[in-house]
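Listed below, chain by chain, are the residues.
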Amino acid sequence: DMDAAGVERLTLENDLRKALENGELLLHYQPQVDTLTGNVVGAEALMRWEHPEQGMIPPFKFIPLAEEIGLIGALGEWGLEEACRQMVTLQARGIDLPKVSVNVSALQFTPSFIRRVREVLRETGLHPKRLELELTEGIMLDGSPDTIEALADLKEMGVRLSMDDFGTGYSSLSYLKKFPFSEIKIDRDFVRDITTDPADAALCLAIVAMAKGLGMKVVGEGVETEEEY
């Protein structure tokens, strides 16, 4: 079993290296909906891999692999460029989507990435306020001057910053005070049981109230039922 798993992983690793060159990656979009009006106010770009033999491979299978083998930077750049380019195409077709959210890996968050964001916005012509970067709490862990400066640079560009999966990692309320986020995303784990677990409901209420007090927007991830909505 271990031998078979090793061979499968090696094959997947080699295939992933070719996937970028062969144009096998694509973006799917998950709508973000205003709960008061029902209007679509944004979309999150989700990367998918259309493998020529295995079909659609979900990100939980290939993103960790890309991080391990050092490909996450190239994948992340492709996702950023493609999302911005497609947003501009939609605008040209008269589809006015206010913003697109792009996930950023902690391993991808480097000074060169910040420069690349600026270049991509310039090359595609997308207005910075229409781009939102979703950052995990792992990026904030070190609290280094470089990280603080990078986040400030993005904010100065006009790019929106969202804290992804709030409450599941190394959550610290000081992050919300120290870093220039405009949005918090409540993790799907809390949203899923919001109607059946009083503790989850209380946590969601607290996060919403806190965000409101700090002037931030809140997104609930993975709303799938009328009750959750």
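About the thresholds
- Residues numbered from 1 in each chain as written.
- Predicted model: local features only at pLDDT ≥ 70, side-chain atom pairs only at ≥ 80, totals over all residues.
- Heavy atoms only, no water.
- Helix = DSSP H or I, 4+ residues; strand = E, 2+ residues; numbered from the N terminus.
- Rg over C-alpha atoms; globule rule 2.2 N^0.38 Å.
- Buried < 20%, exposed > 50% of the residue type's maximum accessible area, 1.4 Å probe, protein only.
- Contact = heavy atoms within 4.5 Å.
- Areas by Shrake-Rupley, 256 points an atom, 1.4 Å probe, with all protein chains shown as cover.
- Lys, Arg positive; Asp, Glu negative; His and termini not counted.
- Charge placed at Lys NZ, Arg CZ, Asp CG, Glu CD.
- Polar contact = N/O pair within 3.5 Å; in protein donor to acceptor, adjacent residues only side chain to side chain.
- Expected span 1.5 Å × (residues − 1).
- Patch = residues over 30% accessible without salt bridge, like charges linked within 9 Å, V, L, I, M, F, W, Y side chains within 5 Å.
- Salt bridge = Lys/Arg side-chain N within 4 Å of Asp/Glu carboxyl O.
- Core = buried A, V, L, I, M, F, W, Y, C linked by side-chain atoms within 4.5 Å.
- Phe/Tyr/Trp six-rings, centres within 6.5 Å; stacked < 30°, edge-to-face > 60°.
- Pairing = 2+ DSSP bridges.
- Right-handed = clockwise from strand over helix to strand, strands pointing away.

**Some remarks on the overall build of the chain**
Then, number 1: When helices and strands are counted, the chain shows nine helices and eight strands.
Then, number 2: Computed over C-alpha atoms, the radius of gyration of the chain comes to 18 Å, within 12% of the 17 Å expected from 2.2 N^0.38 for 229 residues, which places it in the range of a compact globule.
Then, number 3: If one aligns the C-alpha atoms of the chain with their principal axes, the spans along those axes are about 50 × 45 × 40 Å.
Then, number 4: For the chain, the residues scored as buried account for 39% of the 229 residues in total.
Then, number 5: Considering only intrachain contacts with a sequence separation of at least 6, the fraction spanning at least 24 residues in the chain is 68%.
Then, number 6: When the accessible surface of the chain is totalled, it reaches about 12,500 Å², and 54% of it is carbon and sulfur.
Then, number 7: Once the 23 positive and 40 negative side-chain charges of the chain are each reduced to a mean point, those two points are 7 Å apart.

**Examining the side chain of Arg188**
Then, number 1: With respect to the helices and strands, the residue Arg188 is situated in helix 8 (residues 188–192).
Then, number 2: Apart from residues no more than four positions distant in its own chain, Arg188 is found in contact with Glu221, Gly222, Glu224 and Glu228.

**So, the side chain of Glu132**
Then, number 1: Note that Glu132 resides in strand 5 (residues 131–135).
Then, number 2: Reaching out from Glu132, the side chain makes a polar contact with the side chain of Ser101 at a distance of 2.7 Å.
Then, number 3: Leave out the neighbours within four places in its chain, and Glu132 touches Gln32, Lys99, Val100, Ser101, Val102, Arg160, Ser162 and Glu183.

**Quick word on helix 1 (residues 2–22)**
Then, number 1: Along its 21 residues, helix 1 runs 30 Å from first to last C-alpha, staying within 8% of the 30 Å computed at 1.5 Å per residue.
Then, number 2: Contacts from the buried residues of helix 1 go to strand 1 (25–33), strand 2 (40–51), strand 3 (55–57), helix 2 (59–68) and helix 3 (72–92).

**Considerations on a nonpolar patch on the surface**
Then, number 1: On the surface, Val33, Val40, Val223 and Tyr229 cluster together into a nonpolar patch covering about 330 Å² of accessible area.
Then, number 2: The exposure class assigned to Val33 is partly exposed, which follows from its relative accessible area of 38%.

**Re the nonpolar core**
Then, number 1: Core analysis: the biggest nonpolar cluster contains 57 residues, and Leu16, Phe109, Val117, Leu131, Leu133 and Leu135 have the highest contact counts within it.
Then, number 2: Of all the elements, helix 3 adds the most residues to this core, at six residues.

**Some remarks on the packing of aromatic side chains**
Note on aromatic pairs: each is described by the distance of the centres and the angle between the planes.
Then, number 1: Summed over the entire model, instances satisfying the criterion amount to two aromatic pairs.
Then, number 2: Between Trp49 and Phe62, the aromatic rings sit 5.9 Å apart at their centres with planes inclined by 85°, giving edge-to-face as the arrangement. Of this pair, Trp49 sits in strand 2 while Phe62 sits in helix 2; the two residues are 13 residues apart in sequence, bridging distant segments of the chain. Taken as a pair, Trp49 and Phe62 share a single burial class, namely buried.

**A short note on the pairing of strand 4 (residues 100–104)**
Then, number 1: In terms of burial, strand 4 is a largely internal element, four of the five residues being buried.
Then, number 2: Two strands pair when backbone bridges link them, and strand 4 and strand 5 are joined in this way by five bridges, in the parallel orientation. Note on strand 5: the bridge partner recorded for Val104 is Leu135.
Then, number 3: With helix 4 (residues 111–124) bridging strand 4 and its parallel neighbour strand 5, the resulting β-α-β unit is right-handed.

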